[in-house]
Every structure is written in structure tokens, then in C-alpha cells.
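Descriptive structure summary
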Amino acid sequence: MELLVISLSLWILQCRSARADSIIHIGAIFEQNAIRDDEVFQLAISDLSLNDDILQSERITHSIKLIEPNNPFQAVQEACELMNQGILALVSSTGCAAANALQSLTDAMHIPHLFIQRNGDGTPRAECQLNPSPDGERYTLAARPPVRLNDVMITLVSELRWHKFIVFYDSEYDVRGLRGFLDQASRMGLDVSLQQVDRNVTKVFSTLFSTMRMEELNRYRDTLRRAILLLSPRTAQVFIHQAVETNLASKDSHWVYANEEVSDTEIMELVHSALGRMTVIRQIFPLWRDTNIRCMRNNHRISSLLCDPQEGYLQSLEVSSLYLYDSVLMLANAFYRKLEDRKWHSMASLNCMRKSTKPWNGGWSMLDTIQKGRISGLTGLMDFRSNGANSHVQFEILGTSYSETFGKDVKRLATWDSDRGLNGSLRENRADHGMQGITLKVVTLLEEPFVMVAENILGQPKRYKGFSIDVLDALAKILGFKYEMYQVADAKYGSPQANGSWNGMIGELIGKRADVAISAITITPERENVVDFSKRYLDYSVGILMTKTEERLNIFSLLAPFDLAVWACIAAAIPVVGVMVFLLRRVQSVRSQNPPGPHQPASVTTSFQSAIWIVYGAFVQQGGESFMSSMALRIAMGSWWLFTLIVCSSYTANLAAYLTVSRMDNAIRTFQDLSKQSEINYGTVRESAVFEYFRVKGTNPLEQDSTFAELWRTINKNQGQDNSVTSPAEGIRKVKRDPYAFLWDMAVLEYAALTDDDCTLVVTGNGMSSKGYGLALQHGSPYRDLFSQKILDLQEKGDLDILKQKWWPRKGRCDLDKHAEPQTEGRALRLHSFAGVFCILAAGLLLACLVAALESWWNGPRCQRAQPKEVTPQAAKLRPTPAHRAQDCTTTATLYFMDPDATDASPDLVELQYTQL
């Protein structure tokens with residue numbers, strides 16, 4: 001028993017002697033501009049010296065060497081000097097170049113090296129790529145965790161469902177640090193662009209405006225809607241300010257600022273500078289509410305300067321300084337466990353300049369003790385069990401939300417740590433179901449029936465009405481917002497100027513003097529490059545406004561199928577053929593019988609009057625009594641009949657075609673019809689979307705159809721001063737006043753035709769494109785998607801159709817359908833088309849009456865009554881021959897009768913004369 005007590009006493013004395021002889025010497029290498037690193041390191045040594053719980057009687061000494069930033073050669077020289085003094089471990093806070101040099105040296109000398117990566121300029125950190133050790137034994141331990149910003153950013157863009165964005169990185173940033181991020185983005189199918197930002201940010205934006213055209217700038221502005229900024233806080237603030245000043249930023253933009261080291265003050269400056277939504281990623285460290293717990297870590301009391309946030313000193317430190325403090329605490333914990341295990345190795349003086357110098361034999365044991373340790377310090381948990389690096393890191397994600405004080409409310413959205421990943425939601429905090437409390441500034445332009453001035457009450461703000469106003473009111477009722485409306489000063493929709501600026505309502509939106517523009521404003525690619533549009537709430541097409549064409553009354557329209565020369569030739573052919581037939585019949589008569597006696601007149605069938613009558617009867621297809629016994633007469637009449645058949649058939653066909661074409665005479669239905677005529681001038685509003693459309697189509701050399709080229713020549717005659725107008729109202733007045741066709745929005749023209757007092761206007765034309773009317777908003781407006789969604793809801797419910805019927809009733813005082821489309825079915829001929837026939841009939845009847853009157857006058861007083869001769873019984877039996885008719889004369893009529901007993905071969909003719917009573 002006594003022997004056991006003596007042995008225990010000797011062991012205690014030996015331990016006390018070993019601990020009393022233990023002097024812990026630590027070397028440190030910092031950069032010259034890292035003033036706080038020196039302070040924090042000495043503060044950590046001082047805190048350890050005041051705590052007996054960790055190191056009781058051991059004395060810690062240290063040596064600090066300062067080097068120039070990123071000077072690896074000087075770092076090696078200073079490290080060799082420290083090793084020559086004899087150190088148990090080396091602590092460094094440098095850049096990557098010096099760290100690689102120190103790694104090679106410490107691996108060779110077997111000196112544990114705790115490395116804290118430092119970025120003194122505020123640029124986001126890119127992970128240092130340390131050199132692999134030759135024998136696989138790395139003595140450098142990374143006290144600061146590897147860069148996990150890439151993992152946080154890829155989680156963020158996935159949560160936000162970004163598909164296309166741009167990454168801006170500082171010129172001092174090592175872009176190789178984005179290699180892992182880009183690889184993951186590529187596997188996810190994301191479209192990522194990279195752009196370096198020079199220290200002179202103003203030069204960057206001036207270069208953009210000097211090298212890019214307006215179209216490229218507009219596409220670049222669209223790219224800037226989603227961006228990640230890997231910049232220092234100062235550079236980021238200047239960058240955001242310049243983007244807002246140059247109108248490249250928008251309210252709909254969402255920028256993510258990622259930097260491990262950014263203070264609360266810098267975050268508020270960035271958020272207030274940004275125009276759109278801002279999300280900030282930064283590293284955070286656990287804090288305990290209880291001051292006693294917060295200042296005690298592993299039985300080690302931390303100085304109140306570091307553990308109490310109210311002191312203000314902690315907020316002024318860089319992240320590298322915090323890890324530096326915990327690194328000293330980690331070494332002290334390892335020294336304590338080393339002493340407790342009685343595996344202490346004395347320090348050795350190493351001369352790294354000699355080739356024969358052997359590495360420290362206790363280095364591996366000390367390194368193993370450090371790697372197996374774990375502490376809880378200012379940065380949270382620290383250990384090196386994951387490939388020689390501290391893996392414990394936590395980030396917080398701060399963001400802004402949409403409100404009346406847009407961009408000024410910052411709150412924590414989520415956290416991310418290396419063990420659990422994302423904790424929270426990064427969905428955009430939009431007002432998906434309403435915009436209560438928001439007042440929008442709306443610019444408008446008077447255009448019937450979209451926007452019109454309503455009856456205003458004296459002293460009250462000006463009120464408006466119209467189709468677009470009804471749509472805006474419906475959206476305001478659904479979303480709960482209010483609006484203030486004013487008219488644009490120059491009364492223009494908006495078009496680009498020579499200097500690149502825009503006028504009209506588009507210019508008001510670009511200048512951010514208005515939030516929304518509403519009227520008969522069409523969605524065009526040029527406008528969409530500089531502003532945003534909601535979904536269309538009304539289809540758009542270009543129409544032609546003209547006065548209704550009056551049908552010309554032509555009572556002799558039935559004569560129109562033939563030219564005057566044709567009618568003259570036909571009229572001449574009748575007597576010519578009549579003479580021919582007369583001569584042929586006389587020849588036939590002479591050949592068939594002897595000439596008549598002195599008291600027998602010529603046969604009526606061979607008279608010239610009879611021939612003319614026969615020819616006319618055949619022409620009008622009414623026949624006629626004729627005896628065509630000779631071949632010559634038959635040939636003549638056959639030729640005449642064939643001629644009349646062709647003439648009548650041609651007349652019938654041409655008359656049908658003429659009556660059909662005459663219905664659409666001077667009718668303009670399409671742009672092609674308008675371009676082919678020259679009687680009516682036409683034009684549109686100068687500096688409008690329609691004017692620009694015809695300019696582009698008319699001057700396009702690849703356009704195959706010459707219609708638009710002809711239209712543009714007329715519209716732009718004398719630079720548009722002759723045929724184009726300054727406003728739609730002027731164009732409508734010009735249509736009523738002059739023979740003029742006005743090309744403008746179909747909806748506006750239909751309303752003008754519907755409300756015309758005289759109903760003399762007609763709208764024709766065809767749709768020129770698949771455009772539409774929409775609400776114009778500032779580029780990147782947060783309300784665009786919300787308006788579009790509610791407009792689609794109104795279309796689905798049929799509310800927009802009801803509003804359209806309210807302002808464009810198809811049948812009202814003026815009927816648009818009556819002249820809207822050309823009639824494809826047949827139409828009954830009107831009376832005026834046959835007026836000429838009735839006129840000819842009336843003229844014939846009047847002429848017949850006149851001739852009858854003349855005959856009565858001529859025959860009445862000059863003819864004397866003659867006593868009839870005594871009729872013999874032989875004459876009583878006579879009957880009139882059907883082959884002859886009485887010859888009309890003035891006083892005496894001679895009748896020929898045939899003896900019924902006589903044969904037809906030799907008829908006996910008896911002459912009977914009588915005197916007309």
C-alpha cells in the first residue's frame with residue numbers, strides 16, 4: 001500500500017514538472033493591412049492567459065510577422081524565421097498565393113498550420129486551391145470553411161425558378177470559383193451569362209451606351225431583370241446606382257447580392273439604391289440571448305468586446321478575424337488535451353534553409369490532436385474532421401417585398417447551413433390576390449371610344465369614360481388599387497425620336513412619370529423593347545374608313561354591254577341586209593311569175609318594207625312571214641340568223657357580267673383595291689404605329705407584294721404632309737369632307753361609323769397582323785403579370801365581350817353589317833336597271849300613237865267616199881285569197897278574190913274596187 005502511494009505521488013510530481021516546463025509558442029503571419037487580425041489574435045492570447053480552466057500553469061507565447069498582401073516569397077521567409085525560433089503551430093491570415101507557399105513549407109517541416117483565408121478588398125471570396133501534398137500528409141487546416149456561396153446561389157435560383165439570368169463579378173474576383181456553379185446550372189438547363197465589372201463602374205455603363213444600339217440595349221435591359229452580383233459592397237452600390245440612373249434597372253428586376261462579408265448598414269444602402277426586389281446572401285454566426293452563455297465557450301470566457309454585440313466592436317470585425325480567434329481557441333484546446341494525455345512533444349528549432357534539417361517529429365501527433373478536436377467559438381462549431389477543413393457554415397437570406405414603401409422593408413426570408421440546406425421560402429412575396437393601398441399614376445390619350453371625357457362636376461377632378469376606362473375600373477375593383485389619371489401633353493402614343501428618346505405616353509413611362517398608360521395603344525415589338533405590356537384585352541387590325549358610295553342611276557344601262565360603235569354597226573346592218581333580201585325576193589318574184597298587168601300592183605311580199613320587217617323580226621327572234629324558195633335568199637337569211645344568234649348570245653352574257661360587276665363598281669374592300677385606284681386619296685396619322693407599319697412594309701426590299709410599296713408612296717407623299725393627318729379626329733373629318741380614305745385602328749373606325757349622325761361612313765379592310773391593345777407599364781413593372789392574369793380572367797368570364805358590346809353594338813342607329821362584307825349571293829335587279837327598257841317601250845307606244853294620229857289626219861279629209869259597184873253573183877261567190885292583202889291607198893282599195901271553183905295551179909283573180917267611206 002505504501003508503494004502504491006509513493007508511485008502515485010511520483011507520477012503527480014512528474015506531471016506537475018512536465019506541465020510547469022511546458023511553454024507554448026505560436027507563430028502568426030498576417031498581412032500588413034490586416035490591423036484587426038493582429039488585435040484579435042493578441043486578444044485571444046490574452047483571454048487564454050486569463051483562463052486557468054484550459055491551460056492552468058502553461059504559458060502561451062506568440063510571435064507575429066507581417067507581410068505584404070499576397071507576397072508568397074516574404075511569407076516563406078517569415079515562416080522560416082518563426083520555425084527557427086521554435087513553434088508548435090502556425091496561424092496565418094493571408095491570401096491564396098501566400099497560403100500555397102506556406103502550405104508547401106509546413107508540409108515539409110511537419111508544422112501544423114491553421115489557415116484563414118482573407119479578402120481585404122471586400123470582394124466575394126473564391127476558394128483557394130491548395131497544392132496537393134507529395135506524401136498525402138497535409139499539415140494545413142482550413143479554419144475558414146470552404147466557399148459555399150455556389151451551393152446557396154444554385155438553391156436560390158432553383159427556388160425562384162429562374163431560367164435565364166446574368167452574373168456580374170468583380171474584376172478582383174477569381175472567376176474560377178464559379179466553375180462548380182456553372183456546371184450545376186448547365187446540368188439544370190439554365191441560361192447563365194457572365195460579365196466582369198471594372199472598378200470604374202461609370203466607364204462600364206458609358207461603354208454600353210457607346211457600343212450598343214438601341215435594340216441591343218433593350219435586350220440587355222431585359223437580361224438585367226434577373227442578376228446575381230458578386231461585387232464588393234462599395235462597387236455594388238455604385239453599380240446599382242448607375243443602372244437606375246441609366247434606366248437599365250426596373251421595378252420588376254430581382255437582383256441577388258452574394259457576399260459573405262456585408263454589414264447591416266451596407267445592406268440598407270444597397271436596398272435603398274435598388275429599384276426592384278433585392279435579395280442578399282451573407283454568412284451569419286450563432287448568437288445566444290443569454291450573455292453568460294454567449295461569453296462562455298468550452299469553459300473559456302470570451303472577452304466582452306467580442307461576445308457582447310452592444311459593444312460594437314464585433315460588428316467592425318471581418319469574418320476572417322472571427323475565425324482567427326476561434327483558431328487560437330482550437331489550438332489551446334488541442335494543447336490541453338495533449339498535456340492531459342501526456343503526449344507532449346517539446347518544441348524544436350528548425351532551420352528550413354538547410355537541406356539536412358529534419359521535420360519536427362511531433363508534428364503529426366499534434367496535427368492529429370487538432371483534427372480530432374471540436375470547439376464552439378464565435379463562429380459556431382469548429383472542427384477539421386472533413387478533409388482537413390472546417391465544414392460548419394451558415395448563411396442567411398434577406399429580401400425585400402413589394403409594398404407602398406417598395407424596396408425599403410428588409411426581412412429574413414430563409415437560412416441555409418451546410419447540414420440541413422435551405423430552411424425557409426424564397427418565393428417572391430408579391431400581392432398575388434390584390435393591390436390594396438396602392439395608387440397608380442395613369443397617363444392617357446383621348447381616343448373614342450377607348451378614352452373620352454365624361455361630364456365633370458365643377459371643382460371635381462376630370463372624369464373619363466370609355467372602353468379602356470371600363471377595363472381599368474374592372475381591374476381596380478378586382479385588385480383593390482386606386483389610380484390618378486392625366487392626359488399626355490403632346491397627345492401622342494409614343495414613337496422613337498432621332499436622339500433615341502421616346503415621345504408620347506411611352507416617353508412618360510420611360511421617364512417614370514407614370515406607372516400605367518392606357519388608351520387605344522397597340523402592342524408593337526418596338527414598344528415592348530422599352531416598356532412592358534399586359535396581355536391584350538382587345539384584338540387589333542387596321543381598317544379603311546370611307547363614305548358610302550352612291551349607286552349611279554343610268555336608265556340606259558342595258559345598252560352598256562355593247563360599245564356605241566357596235567350598236568352603230570348593228571343598226572347599219574339591218575337596212576343593208578334588208579336591201580339585200582329585198583333585191584333577192586324581187587329576183588325570185590320575177591322568175592316565178594309574169595309581171596303583173598297594168599291594173600295589178602306589185603306583190604306585198606316583194607316590197608322593200610316587207611323585207612325590212614322580215615329582217616328585223618329575225619333579229620329580235622320573233623320570226624316573220626317570208627317565202628324563201630331560192631337558194632340565194634336562204635343563204636342570206638341563214639347568215640343573218642347566225643349573226644343575230646351570236647349577237648344576242650353575246651349581249652345576254654355580257655349583260656349578266658355587266659350587271660354583276662356594276663354592283664361592286666368603285667367598291668374598295670382591301671388594301672389591294674385601295675392601292676390600285678387613283679380617284680381617292682388615303683393616309684393615316686403621322687408618327688403612329690400604323691404609319692410606322694406601312695413604312696416598314698413599304699420600304700422592305702424583300703416584300704414580294706407591291707401593294708404596300710404603292711400604299712406607302714401615297715401615305716408618305718410630301719413627307720406625309722399631303723395625305724396623312726395629325727390626329728384620328730382630323731382623319732375622320734377629312735373622310736366626310738373630301739374623297740378620302742382613312743387608314744386607322746378598326747375599333748376606332750367602327751365606333752366612328754356607328755355614331756355618325758348621317759350614317760354615311762363605311763368601314764372595310766382586313767386584319768394586317770395579330771396585334772392587340774394592352775396596358776403599357778414601366779419596363780419591369782411588378783404589376784404586369786398581375787394585370788395579365790386578371791385580364792385573362794375577364795376574358796374567360798366573358799366580361800370583356802360584354803364591355804365590347806356596350807361600346808360597339810353591331811346594330812344601332814347605323815348598321816355596320818349592312819356594308820361590312822361584300823354580298824356573295826345574287827341580288828335582284830332593281831328598277832333603274834330596267835328603266836331603259838321601259839323607256840324604249842314607252843317611246844314605241846308614243847310613236848305608234850303619233851303615227852296613228854298622223855295616218856288618221858292624212859287619210860281622213862283627203863279621201864272621198866266612192867259608190868260601190870254592183871256586185872254580180874259571180875263576185876259574191878269569190879273568197880279573198882290568203883296570198884294577197886289589200887293595197888292601201890288614199891281613195892280606192894283594190895281587193896283580189898279567188899274563184900273557189902278555180903284550181904290552185906291557175907287561180908282566177910277577180911278585181912273589186914271600192915271607195916273608202
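Since we're looking at a predicted model, the values are computed, not measured.

**Observations concerning the environment of Lys-164**
- In this structure, Lys-164 sits in strand β6 (residues 164-170).
- By relative accessible area, which is 48% here, Lys-164 ends up partly exposed.
- Note: C-alpha distance between Lys-164 and Thr-223 (59 residues apart in sequence) is 7.7 Å.
- Residue contacts for Lys-164: discarding those within four places in its chain leaves Asp-191, Thr-223 and Arg-226.

**A look at the packing of aromatic side chains**
- Scanning all chains against the criterion turns up 24 aromatic pairs.
- Each ring, one from Tyr-169 and one from Tyr-173, has its centre 6.4 Å from the other, and the planes form 55°; the classification is tilted. Tyr-173 carries the same exposure label as Tyr-169, and that label is buried.
- Taking the centre distance of 6.1 Å and the plane angle of 35° together, the rings of Phe-694 and Phe-708 count as tilted. One end of the pair, Phe-694, is in helix α22 (residues 689-698); the other, Phe-708, is in helix α23 (residues 707-715), with 14 residues separating them in the sequence.
- Judged by relative accessible area, Phe-694 falls into the buried class, the value being 0%.
- When its relative accessible area of 11% is taken as the criterion, Phe-708 is described as buried.

**Section: the state of the cysteines**
- By the definition in use, this model includes 2 disulfides.
- Two residues share a disulfide in this structure: Cys-80 and Cys-352, whose sulfurs sit 1.9 Å from each other. Within this pair, whereas Cys-80 is found in helix α3 (residues 72-85), its partner Cys-352 is found in the loop between α13 (319-340) and α14 (363-372), the two being separated by 272 residues in sequence. Of the two residues examined, Cys-80 and Cys-352, each falls in the buried class.
- With its sulfur 1.7 Å from that of its partner, Cys-96 forms a disulfide with Cys-128. As the torsion about the S-S bond is roughly -80°, the Cys-96-Cys-128 disulfide counts as left-handed.

**Things to note about the side chain of Asp-107**
- Residue placement: Asp-107 occurs in helix α4 (residues 96-109).
- Look at Asp-107: it is buried, it has no salt bridge, and the nearest opposite charge is Arg-138 at 5.4 Å.
- Not counting residues within four places of it along the chain, the set of residues in contact with Asp-107 comprises Ser-133, Glu-137, Arg-138, Tyr-139 and Thr-140.

**Thoughts on the pattern of salt bridges**
- A full pass over the atoms with the stated rule returns 26 salt bridges.
- Residue Asp-756 pairs with Lys-736 through a salt bridge whose shortest N-O separation is 3.0 Å. Of this pair, Asp-756 sits in the loop between α25 (746-754) and β28 (761-764) while Lys-736 sits in helix α24 (residues 728-737), and the two are 20 residues apart along the sequence.
- Through salt bridges with shared partners, a single network forms among Glu-31, Asp-37, Arg-118 and Glu-318.

**Structural notes on the sheet that holds strand β1 (residues 23-31)**
- Taken in spatial order, the 5 strands of this open sheet run β2-β1-β3-β4-β5, and their pairing is parallel. Because the sheet does not close on itself, it has two edges, and the strands there are β2 (59-67) and β5 (140-142). Sheet twist, expressed as the mean angle between neighbouring strand axes with direction ignored, is 20°.
- Alignment of strand β4 (residues 113-117) against β5, held across 3 bridges, turns out to be parallel. Paired with His-113 across the two strands is Thr-140, which belongs to β5.
- Strands β1, β2 and β3 (89-94) of the sheet are contacted by α3, whose axis makes an angle of about 160° with β2.

**A closer look at α14**
- Burial in α14 covers these residues: Gly-363, Met-366, Leu-367, Thr-369 and Ile-370. Projection of α14 onto a plane perpendicular to its axis shows the buried side chains occupying an angular sector of 160°, all on one side.
- Those residues of α14 that are buried are in contact with β4, β5 and α13.

**Observations regarding the environment of Asp-419**
- Within the element layout of this structure, Asp-419 appears in the loop between β16 (410-417) and β17 (421-424).
- Spatially, the C-alpha atom of Asp-419 lies 9.0 Å from that of Gln-394, the residues being 25 residues apart in sequence.

**Some thoughts on the pairing of β6**
- Counting buried residues in β6 gives 6 out of 7 residues, a clear majority hidden from the surface.
- Both β6 and strand β7 (residues 191-197) contribute to a ladder of 7 bridges, which runs parallel. In the sheet register, Phe-165 faces β7, and the bridge partner there is Val-192.
- The parallel pair β6 and β7, bridged by helix α6 (residues 179-187), forms a crossover whose chirality is right-handed.
- Bridge count between β6 and strand β8 (residues 226-230): 4 bridges; the pairing is parallel. Counted as the bridge partner of Phe-168 is Leu-229 from β8.

**Focus on the sheet that holds β28**
- The mixed open sheet is built from 4 strands, whose spatial order is β26-β27-β25-β28. Edge positions in the open sheet fall to β26 (681-683) and β28, since each of these has one partner strand only. Ignoring which end each strand starts from, the neighbouring axes of this sheet average 25° apart.
- Sheet topology note: the strand β25 (residues 542-547)/strand β27 (residues 740-745) ladder contains 4 bridges and is antiparallel. In the strand pairing of β27, Ile-544 is matched with Leu-743.
- The strands touched by α24 within the sheet are β25, β27 and β28, with β27 carrying the most contacts at an inclination of about 150°.

**Side note on the nonpolar core**
- Counting residues in each nonpolar core, the largest one holds 88 residues, and the members touching the most others are Phe-450, Tyr-537, Phe-694, Phe-742 and Phe-787.
- With sequence-adjacent residues up to four places away left out, Phe-742 is seen in contact with Gly-543, Ile-544, Leu-545, Gly-683, Thr-684, Val-685, Val-725, Pro-728, Gly-731, Ile-732, Val-735 and Leu-749.

The rules behind these values
- Throughout, a residue's number is its position along its own chain's written sequence, starting from 1.
- This being a predicted model, a pLDDT of at least 70 is required before a residue's local features are given, and a value of 80 or more before pairs of side-chain atoms are given or counted; all residues contribute to the totals for chains, interfaces and linings.
- Each side-chain value is worked out from all heavy atoms of the structure, with water and hydrogens disregarded.
- Only DSSP runs of H or I with at least four residues qualify as helices, and only runs of E with at least two residues qualify as strands; both kinds are numbered from the N terminus onward.
- Think of it in three bands: residues with accessible area under 20% of the maximum for their type are buried, residues over 50% are exposed, and the middle band is partly exposed, with areas taken using a 1.4 Å probe on protein chains only.
- Here a residue-residue contact requires only that any non-hydrogen atoms of the pair lie within 4.5 Å.
- Two aromatic rings from Phe, Tyr or Trp, using only the six-membered ring of Trp, form a pair when their centres are within 6.5 Å; if the ring planes differ by under 30 degrees the pair is stacked, by over 60 it is edge-to-face, and anything between is tilted.
- Two cysteine sulfurs form a disulfide in these notes if their separation is within 2.5 Å.
- A positive count includes Lys and Arg, and a negative count includes Asp and Glu. His and the chain ends are not counted in either.
- Here, a salt bridge means any Lys or Arg side-chain nitrogen found within 4 Å of an Asp or Glu carboxyl oxygen.
- By the convention used here, strands pair only if DSSP detects at least 2 bridges between them.
- Only C-alpha atoms enter the line fits that serve as axes; for helices the fit covers just the stretch in contact. Angles between N-to-C directions range over 0 to 180 degrees.
- Here the arc refers to the set of directions running from the helix axis out to each C-beta atom.
- The path from the first strand over the helix to the second decides the hand: if it runs clockwise while the strands point away from the viewer, the crossover is right-handed.
- We define a nonpolar core as any set of buried Ala, Val, Leu, Ile, Met, Phe, Trp, Tyr and Cys residues linked to one another through side-chain atoms lying within 4.5 Å.

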